[in-house]
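Survey of secondary and tertiary structure
The chain contents come next:
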Amino acid sequence: MAKRKPLIAGNWKMYKTVAEASDLVKGLKKNLGGISDREALVCPPFTSLAAVAQLLKDSNISLGAQNMHWEEKGAFTGEIAPAMLADAGCKYVIIGHSERRQYFGETDETVNKKTKAAFAHSLTPIVCVGETLAEREKNITLEIIGRQIKNGLAGLTDKQAAELVIAYEPVWAIGTGKTASPAQAQEVHAAIRNLFASMYGNEAAQAARILYGGSVKPDNVSELMRQPDIDGGLVGGASLDVDSFTKLVQFS
Ligand code: PEP
């Protein structure tokens, strides 16, 4: 059975100028340049992608973006095309982050279009799913996530399904300092993998990586990473600082 390589991804959100991004990535390169049994990924704002790509040349740290449009090109003011991200040096793209769903009208339908467009341009999508606090309290977490997975990830090939990265991010845990307990996260991760197996077969489901996101910090990362279905982290706040992101990637 395929062994899944752990992935620690930093989502920088709307933080860092080009100069600040360059400083951060220089520090990470110094600390993490030689990693091989795990993968580190940084997702800066669009304006810093080119500068960070240049700095990451000849390093083991990967580059990703935080969003994109599904169309190839056209009159879509303010949007970024998949080919532009690939051209800027991105390997990954985050899709359907809860902040995009909440503030920018992202739906399972747009997530599905973007996921397919990412694969069409050799970008690996990191597709985010997660329930709100109200949904968890109503005991409909698995129903909500099931719907997001079924609709957002429909129509992939088995090969694409195996390469996909899914991020389970309970909305109530993002940027709040509240983390799902390792057991709570594992329960949802296992359910996602089962559902994914029913859609694309066990082999693809065993190969796909499922990240946990929501207030992951250096002091809780190792316990989360010990769960059998947690294959990495999607990290906001703690990815903005050289020391804390280094510690996250160096989880034991
Ligand atoms: C995120 O941005 O996806 C996230 C999980 O943020 P934080 O780590 O700050 O909770």
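Please refer to the structure higher up on the page.
The structure displayed is predicted, hence computed values, not measured ones.

Close contacts around the ligand come from 14 residues, with K13, E169, G175, S215 and G236 the closest. One of the side-chain nitrogen or oxygen atoms of K13 is found 2.9 Å away from an oxygen atom of the ligand. Grouping the amino acids of the shell around the ligand by side-chain chemistry returns 4 nonpolar, 8 polar and 2 charged.

Now for the nonpolar core. Considering soluble globular proteins, one finds that nonpolar side chains tend to be buried as a cluster. V42, I149, I166, I192, F196, Y212 and F245 are the most contacted members of the largest nonpolar core, which has 62 residues in total. Here this core takes 6 residues from helix 9 (residues 182-200), the largest share from any one element.

So, on to the pairing of strand 5 (residues 124-129). The buried count for strand 5 comes to 6 of 6 residues, which makes it a mostly enclosed element. Neither face of strand 5 is left uncovered, since the one carrying T124, I126 and C128 and the one carrying P125, V127 and V129 both have all their residues buried. When strand 5 meets strand 6 (residues 165-168), the two strands line up parallel, connected through 4 bridges. By the bridge assignment, V129 is partnered in strand 6 with Y168.

A few words on the pairing of strand 7 (residues 209-213). Of all 5 residues in strand 7, 5 are buried, a share of seventy percent or more. Residues R209, L211 and G213 point to one face of strand 7 and I210 and Y212 to the other, with burial holding for every one of them. The pairing of strand 6 with strand 7 spans 4 bridges and is parallel. Note on strand 7: the bridge partner recorded for V165 is R209.

With that out of the way, let us pick up the pattern of salt bridges. This structure, assessed with the given rule, holds 13 salt bridges. R100 is paired through a salt bridge with E106; the nearest N and O atoms lie 3.8 Å apart. In this structure, R193 and D229 form a salt bridge, with 2.6 Å as the shortest nitrogen-oxygen distance. Remark: D229 occurs in the loop between helix 11 (221-225) and strand 8 (232-235) and R193 occurs in helix 9; sequence separation between them is 36 residues. Across the pair, exposure class does not vary: R193 and D229 are buried alike.

Residues separated by three or four positions in an α-helix point in the same direction, a consequence of the helix having 3.6 residues per turn. Taken together, the buried positions of helix 2 (residues 49-56) are occupied by L49, V52, A53 and L56. Seen from one end, helix 2 has its buried residues packed into an arc of 105°, which puts them on one side. Exposed and oriented more than 90 degrees from the buried face of helix 2 are A50 and Q54. The inward-facing, buried residues of helix 2 contact helix 1 (18-32), strand 2 (39-43), strand 3 (62-65) and helix 3 (82-87).

In this structure the tally under the stated criterion is 0 disulfides. Distance from the sulfur of C90, which forms no disulfide, to the nearest cysteine sulfur (C43) is 7.7 Å. Judged by its relative accessible area of 7%, C90 is buried.

Here we come to the sheet that holds strand 7. Spatially, the 8 strands close up into a barrel ordered 1-2-3-4-5-6-7-8, and their pairing is parallel. Mean inter-strand twist for the sheet, computed between neighbouring axes without regard to direction, equals 25°. One ladder, built from 2 bridges, connects strand 7 with strand 8; its direction is parallel. For Y212, the partnering residue across the bridge sits in strand 8 and is G233.

What follows is about the packing of helix 1 against helix 12 (residues 242-249). The geometry of helix 1 relative to helix 12 is characterised by a closest axis approach of 9 Å and an angle of 35° between their N-to-C directions. In this structure, the crossing between helix 1 and helix 12 has a hand that is right-handed. Mapping the contact onto sequence places L24, G27, L28, N31 and L32 in helix 1 and V242, F245, T246 and V249 in helix 12. Of the residues assigned to the contact of helix 1 with helix 12, the class counts are 6 nonpolar, 3 polar and no charged.

Attention now moves to the packing of aromatic side chains. If you walk through the whole model with that rule in mind, you get 3 aromatic pairs. Each ring, one from Y103 and one from F104, has its centre 6.4 Å from the other, and the planes form 90°; the classification is edge-to-face. Over the aromatic face of F251 sits the side chain of R38, whose NZ or CZ is 4.3 Å from the ring centroid.

We now examine the side chain of Q148. In this fold, Q148 is placed in helix 7 (residues 141-152). Looking at Q148, the relative accessible area reads 10%, which means it is buried. Aside from chain neighbours lying at most four places away, what touches Q148 is R101, D108, V129, G130 and L153.

Procedures and definitions
- Residues numbered from 1 in each chain as written.
- Predicted model: local features only at pLDDT ≥ 70, side-chain atom pairs only at ≥ 80, totals over all residues.
- Heavy atoms only, no water.
- Near = heavy atom within 4 Å.
- Polar contact = N/O pair within 3.5 Å; in protein donor to acceptor, adjacent residues only side chain to side chain.
- Nonpolar A, V, L, I, M, F, W, Y, C, P; charged D, E, K, R; others polar.
- Core = buried A, V, L, I, M, F, W, Y, C linked by side-chain atoms within 4.5 Å.
- Buried < 20%, exposed > 50% of the residue type's maximum accessible area, 1.4 Å probe, protein only.
- Helix = DSSP H or I, 4+ residues; strand = E, 2+ residues; numbered from the N terminus.
- Pairing = 2+ DSSP bridges.
- Salt bridge = Lys/Arg side-chain N within 4 Å of Asp/Glu carboxyl O.
- Arc of directions from axis to C-beta.
- Contact = heavy atoms within 4.5 Å.
- Disulfide = S-S within 2.5 Å.
- Axes fitted to C-alpha atoms, helices over the stretch in contact; angles between N-to-C directions.
- Left-handed = near helix turned anticlockwise from the far one by under 90°.
- Phe/Tyr/Trp six-rings, centres within 6.5 Å; stacked < 30°, edge-to-face > 60°.
- Lys NZ or Arg CZ within 6 Å of the ring centre and 35° of its normal.

Fair warning: the whole summary comes from geometry, so function is off the table for now.
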